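As a plain string of letters, each chain reads:
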Amino acid sequence: MEVVLIGSGNIATVLGCLLQQNCHRISQVYSRNPAHAAILAAQLQAVAISDLPLLNRNADLYILAVTDDALPEIAAQLSLENALVIHTAGSVSKEILKNASTRYGVLWPMKMIRKTMKTIQPVTMVIDGNSENVIQRIETIARQFTETVTIADDHLRSKMHMLAAVTSNFTNHLYQLAADYCEQEKIDFSLFYPIIEETAIRIQGTHPKGVQAGPAVRGDTQTLETHQQLLKKYPQLAQLYKVISSSIRLSFDPTGAGLTENDKKN
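Residues numbered from 1 in each chain as written. Predicted model: local features only at pLDDT ≥ 70, side-chain atom pairs only at ≥ 80, totals over all residues. Heavy atoms only, no water.

Draft legend 1. Spotlight on the side chain of N56. Take N56: it is sitting in the loop between β3 (47-49) and β4 (61-64). When its relative accessible area of 18% is taken as the criterion, N56 is described as buried. Engagement of the side chain of N56 in a polar contact is seen with the backbone nitrogen of N58, the distance being 2.8 Å. If sequence neighbours within four positions are ignored, N56 has contacts with E2, V4, S27, Q28 and Y62. (Helix = DSSP H or I, 4+ residues; strand = E, 2+ residues; numbered from the N terminus. Buried < 20%, exposed > 50% of the residue type's maximum accessible area, 1.4 Å probe, protein only. Polar contact = N/O pair within 3.5 Å; in protein donor to acceptor, adjacent residues only side chain to side chain. Contact = heavy atoms within 4.5 Å.)

Draft legend 2. View of the pairing of strand β7 (residues 124-129). The buried fraction of β7 amounts to five of the six residues, a majority that puts the element mostly inside the structure. In the sheet, strand β6 (residues 103-110) pairs with β7 via six bridges, with the strands oriented antiparallel. In the sheet register, W108 faces β7, and the bridge partner there is V126. In this structure, β7 lies alongside strand β8 (residues 149-151), joined through three bridges in parallel fashion. (Pairing = 2+ DSSP bridges.)

Draft legend 3. Just the environment of E139, in detail. Its place among the elements puts E139 in helix α4 (residues 132-142). With a relative accessible area of 24%, E139 lands in the partly exposed category. The spatial distance from the C-alpha of E139 to the C-alpha of L107 is 8.5 Å, given a sequence separation of 32 residues. Apart from the residues lying within four places of it in its own chain, the contact partners of E139 are I127 and V149.

Draft legend 4. Main features of the nonpolar core. L107, I120 and F145 are the most contacted members of the largest nonpolar core, which has 32 residues in total. For this core, the secondary structure elements donating two or more residues are β1 (2-6), α1 (10-21), β2 (25-30), α2 (34-44), β4, β5 (84-87), β7 and α4. A total of six residues in this core trace back to one element, the largest contributor, which is α1. Every residue in contact with I120, bar those within four places of it in the chain, is listed here: V14, L15, L18, K111, I113, M125 and F145. (Core = buried A, V, L, I, M, F, W, Y, C linked by side-chain atoms within 4.5 Å.)

Draft legend 5. How the structure looks around the sheet that holds β2. An order of β3-β2-β1-β4-β5-β6-β7-β8 is seen for the eight strands of this open sheet, with the pairing classed as mixed. Edge positions in the sheet fall to β3 and β8, since each has one partner strand and no second. For this sheet, the mean angle separating the axes of adjacent strands, direction not counted, is 25 degrees. Where β1 and β4 come together, four bridges link them in parallel fashion. Note that in β4 the partner of V4 across the bridge is Y62. Sitting on the sheet, α2 touches β1, β2 and β3, and the angle it makes with β2 is about 175 degrees. (Axes fitted to C-alpha atoms, helices over the stretch in contact; angles between N-to-C directions.)

Draft legend 6. Structural view of the environment of S168. Mapped onto the elements, S168 comes out in helix α5 (residues 154-185). Assessed through its relative accessible area of 25%, S168 is described here as partly exposed. Along the backbone, S168 and I74 are 94 residues apart, and their C-alpha atoms lie at a distance of 29 Å.

Draft legend 7. Spatial organisation of the state of the cysteines. Overall, the coordinates contain zero disulfides when judged by the stated rule. Free of any disulfide, C23 has its nearest neighbouring cysteine sulfur in C17, separated by 14 Å. Taking relative accessible area as the criterion, C23 reaches 73% and is therefore assigned exposed. (Disulfide = S-S within 2.5 Å.)

Draft legend 8. Inspection of unusual backbone geometry at higher detail. Between Q121 and the following residue, P122, the backbone shows a cis peptide bond with an omega angle of -10 degrees. One non-glycine residue, Q45, lies in positive phi territory at about 55 degrees. By secondary structure assignment, the location of Q45 is in the loop between α2 and β3. One non-glycine residue with positive phi stands out, namely K186, at about 60 degrees. Tracing the backbone through its elements, the reader meets K186 in the loop between α5 and α6 (193-202). According to the relative accessible area criterion, K186 is exposed, its value standing at 74%.

What is shown is where atoms sit, not what they do.
Quick look at the structure:
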């Protein structure tokens, strides 16, 4: 299969390398930044271009792996007849490609991807297309990366994109704040790796509510107040602690029993 990459960032780099490893040929790499296009093209033994009119129009697959903001402008400049054209965005409608080709869709890797990755496993590939035949073709491509492939239309995929932020970006932000706290308080953050890993493993076989523990679950007001005192110098983490503790408690007891009046206000 001959592939043209439109984009030269994290997703374009990793998907391009993996496709090449699966014996597909990357013929061109496009980027508005000629230097970026040249770097990835050299890596993939492809031709670098920085003008869309120079696109090879005989490729089998065109992958738009660019920022969400750049997608409308680039898609509007494409006219590829019957070629398969896909974008990799989780929150952008597939219909943005409707004038680019008669065959279009989405292949969104639900993962935080970085250029240095040699593989994207484990990953869920979320796909869609403008016809059953297109969906089947995109699914065949997706299964070269992972066995975990699901079909989701624009509306469902937007919900999944939001939940990806909650389950990954939000939790990682909490890890960041915890790591910052550890640095300031001279605590080794790696000591928490086992409990982080255990929780991630357990929720794969149990509803997360069944895994939840801690003072908010128990309604342990004294411990909650002690924790708040320990966070006085860290207002950002303290605020999140209040809000999340309140949410946890209300999940187990809608009356909010066990929360302080201050917690209930947050």
